[in-house]
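Structural characterization, general
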Amino acid sequence: MPSSQVLLHPKFESTERDLAATLTLAQPGSLVFLIGISGVGKSELRYRSMRSVAGAPSGWDKGILPAIAVRATLTDRGFFNPKDLAMRLAHALRVPDLTWLSDRDQIDDPEVVHAKLEIAEKAQPWLDARRSTTEHALRFEFERHARARRLRWIFIEECASIGTLSRGRSVHNYVLGLMQLAEECGLTIILFGTPRAAALWDCHPDIRRRSLFVWAQRYREDRSEDHRPFASLVSSLGKNLPLERPDLLVQNLELALANSAGSYGE
């Protein structure tokens, strides 16, 4: 949606401030988790924070790419396949998509950054490479390109998927491997996910100790201080909907809060 229709409200703005402050503290080699239920604006936050940490392209040296974004999706019968994420990371540096540098009012959806990759994944060259290339070779390719391009930030969405590794594979070994990758390449990995992502840091004390956390808060029905800003948000949304009465949503605020779980995207 055009930026004029992106509503910056208290919960979103406070989360954005928390994330920005956390990223200034994040050292190369660390993991940052941004956790929130569906609809709290994680994709919007990723889009805005990528642009913020990368700075204007006019300040980049030739061949430099400060940030990339990929998804950790379920691809093998409902399981997460590490090789597929390694392919996405390698592809993101091999064929960079700089759509995320567009001003927000020039794109309809912050997920546009993943569109070209989703097309590439369905093409025969990708399928052939998936069969013939090892995960180790893909990681080696990524490491070489990351250093050459001076990559500093990796944004990984849908990170809760990583907790669904197939039997015989260790979640904590994989996440520790991500931390090792970040250390070796001098970058920070920001993982966006739902509360199910707790499996990633609860699996090992070293991961918990060496990670930073940001919680994307929802509006809560048990907090009276949340009611007024939620009502203001609902009222703003209602102005753009063809309702019987302009105050229809506000008059049913309790119902709106219950059905959305206080998640403004919902």
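Attention here is on the structure that accompanies the text. Counting restarts for each chain: residues are numbered from 1 in the order of the written sequence. Owing to the predicted nature of the model, reporting of local features is limited to residues with pLDDT of at least 70; listing and counting of side-chain atom pairs is limited to 80 or more, with chain, interface and lining totals taken over all residues. Heavy atoms throughout the structure, all of them, feed into the side-chain values; hydrogens and water do not.

1. Details of helix α10 (residues 224–238)
In this model, α10 (15 residues) spans 22 Å end to end at C-alpha, consistent with the 21 Å of a helix rising 1.5 Å per residue. Each residue's exposure class comes from its accessible area (1.4 Å probe, protein chains only) as a fraction of the maximum for that residue type: buried when under 20%, exposed when over 50%, partly exposed otherwise. Runs of E in the DSSP output that reach at least two residues are strands. Runs of H or I that reach at least four are helices, and both are numbered from the N terminus. All of the buried residues in α10 are Asp226, Pro229, Phe230, Ala231, Leu233, Val234 and Gly238. To estimate how far a helix should extend, the number of its residues minus one is multiplied by 1.5 Å.

2. Some remarks on the sheet that holds strand β7 (residues 211–215)
Strand pairing is defined by DSSP finding a minimum of two bridges between the two strands. In space, the 5 strands of this open sheet follow the order β2-β5-β6-β1-β7, with parallel pairing throughout. The strands lining the two open edges of the sheet, one partner per strand, are β2 (67–71) and β7. Direction aside, the axes of adjacent strands within the sheet are offset by 20° on average. Relative to β7, strand β1 (residues 31–35) runs parallel, the two sharing 5 bridges. Looking across to β7, one finds that Phe33 is bridged to Phe213. Angles run from 0 to 180 degrees between N-to-C directions of axes, and those axes are lines fitted to C-alpha atoms, restricted for helices to the stretch in contact.

3. A few points about the packing of helix α3 (residues 82–94) against helix α5 (residues 124–132)
α5 packs onto α3 with a crossing angle of 125° between their chain directions and a minimal axis gap of 11 Å. By the angle between their axes, α3 is oblique relative to α5. Once α3 is placed against α5, the crossing between them reads as right-handed. Contact residues: Lys83, Asp84, Met87, Arg88 and His91 in α3; Trp126, Ala129, Arg130 and Arg131 in α5. Classes in brief: Ala, Val, Leu, Ile, Met, Phe, Trp, Tyr, Cys and Pro nonpolar; Asp, Glu, Lys and Arg charged; the others, Gly included, polar. In terms of residue class, the contact of α3 with α5 is built from 3 nonpolar, 1 polar and 5 charged. Oblique is the label for any angle not under 35 degrees, not over 145, and not in the 65 to 115 range, which are roughly parallel, roughly antiparallel and roughly perpendicular in turn. The sense of a crossing depends on the near helix, which, turned anticlockwise from the far helix by less than a right angle, makes the crossing left-handed and, turned clockwise, makes it right-handed. Contact definition: two residues touch when any of their heavy atoms are within 4.5 Å.

4. A few points about the pairing of strand β5 (residues 153–157)
The buried fraction of β5 is high, at 5 of 5 residues. What you see with β5 is no split at all: Trp153, Phe155 and Glu157 on one side and Ile154 and Ile156 on the other are buried throughout. Of the pairings in the sheet, the one linking β2 to β5 comprises 5 bridges and is parallel in character. In the sheet register, Ile68 faces β5, and the bridge partner there is Ile154. Here 4 bridges tie β5 to strand β6 (residues 188–193), and the two strands are oriented parallel to one another. Counted as the bridge partner of Ile156 is Leu191 from β6. For the segment spanning β5, helix α7 (residues 171–185) and β6, crossover handedness is right-handed. Look down the strands so they point away from you; if the path from the first strand over the helix to the second goes clockwise, the crossover is right-handed.

5. Some details on the environment of Arg208
Mapped onto the elements, Arg208 comes out in helix α9 (residues 205–209). Considering only alpha carbons, one finds Arg208 and Pro66, 142 residues apart in sequence, at a separation of 26 Å.

6. Details of the pattern of salt bridges
Salt bridges are defined as contacts in which a side-chain nitrogen from Lys or Arg sits within 4 Å of a carboxyl oxygen from Asp or Glu. Counted under the stated rule, the structure contains 23 salt bridges. The salt bridge involving Glu158 is made with Arg71; its shortest N-O contact spans 3.3 Å. Of this pair, Glu158 sits in the loop between β5 and α7 while Arg71 sits in strand β2, placing them 87 residues apart in sequence. The class for Glu158 is partly exposed, based on a relative accessible area of 38%. Between Glu135 and Arg169 there is a salt bridge whose closest N-O contact spans 3.7 Å. Here Glu135, found in helix α6 (residues 135–148), pairs with Arg169, found in the loop between β5 and α7; they are 34 residues apart in sequence, far enough to count as distant. Via salt bridges that share partners, Arg71, Glu111, Glu118 and Glu158 belong to a single interconnected network.

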